[in-house]
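Each chain, letter by letter, is given below.
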Amino acid sequence: MTASSGPPAAPPTEPAAASQQPGNPLHGVTLEAIVTALADHYGWEDLGQRINIRCFTSEPSVASSLKFLRKTPWAREKVESLYLFMLREVKRASPPVHNFPPPRP
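Structural notes, computed from the coordinates. Keep in mind it's a predicted model, so treat the numbers as computed, not measured.

Now for the packing of helix H2 (residues 31–42) against helix H6 (residues 73–93). Axis separation between H2 and H6 bottoms out at 10 Å; the angle between their running directions is 55°. Here H6 runs oblique to H2, going by the angle between their axes. Every pair of crossing elements has a handedness; the one defined by H2 and H6 is left-handed. Across the interface between the two elements, Leu31, Ile34, Val35, Ala37, Leu38, His41 and Tyr42 from H2 touch Arg76, Val79, Glu80, Leu82, Tyr83, Phe85, Met86, Glu89 and Val90 from H6.

If you want it as structure tokens, here you go:
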């Protein structure tokens, strides 16, 4: 009797979930990480101006925002959309990376 039955397991360095949605930048990112990143990047006041919901404008906190966003799909979509915009904005602002080969001596 062999100990191995069925297909071999995926290598531990590559999570199976990551290979299921390789082009989705939100895959694997928690809502808490999104809200925290937006608050760090824009600040609560600017975040409340960009998405006018009370969890961002009146005594904002990550905990209250998560509670509201988990129950309100339209607000969560706006937050995820702003997060994707922020990622593009940050990428555009960073200097380009060129992988040219080193010059020959």
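Bringing the packing of aromatic side chains into the picture now. For the structure on display, the rule yields two aromatic pairs. Taking 5.9 Å as the distance between ring centres and 40° as the angle between the ring planes, the aromatic pair formed by Trp44 and Phe56 counts as tilted. Residue Trp44 is located in helix H3 (residues 44–50), and its partner Phe56 is located in helix H4 (residues 54–57); the two are separated by twelve residues in the primary sequence. The partly exposed category is assigned to Trp44, whose relative accessible area is 24%. Phe56 sits in the buried class, given a relative accessible area of 2%. The interplanar angle of 80° and the centroid separation of 6.4 Å between the aromatic rings of Phe68 and Trp74 together place this pair among those described as edge-to-face.

By the definition in use, this model includes two salt bridges. We note a salt bridge from Arg50 to Asp46, for which the minimum N-O separation is 3.3 Å. Taken together, the residues span about one helical turn, with Arg50 and Asp46 both in helix H3 at a distance of four residues. Owing to a relative accessible area of 25%, Asp46 belongs among the partly exposed residues under this scheme. Salt-bridge contacts for Glu80 lead to Arg76; the nearest nitrogen and oxygen are separated by 3.0 Å. Taken as a pair, Glu80 and Arg76 lie in helix H6 at a separation of four residues, close to a single helical turn.

What counts, and at which threshold
Residues numbered from 1 in each chain as written. Predicted model: local features only at pLDDT ≥ 70, side-chain atom pairs only at ≥ 80, totals over all residues. Heavy atoms only, no water. Axes fitted to C-alpha atoms, helices over the stretch in contact; angles between N-to-C directions. Helix = DSSP H or I, 4+ residues; strand = E, 2+ residues; numbered from the N terminus. Parallel < 35°, antiparallel > 145°, perpendicular 65-115°, else oblique. Left-handed = near helix turned anticlockwise from the far one by under 90°. Contact = heavy atoms within 4.5 Å. Phe/Tyr/Trp six-rings, centres within 6.5 Å; stacked < 30°, edge-to-face > 60°. Buried < 20%, exposed > 50% of the residue type's maximum accessible area, 1.4 Å probe, protein only. Salt bridge = Lys/Arg side-chain N within 4 Å of Asp/Glu carboxyl O.

Spatial relationships are all this shows, so hold off on functional conclusions.
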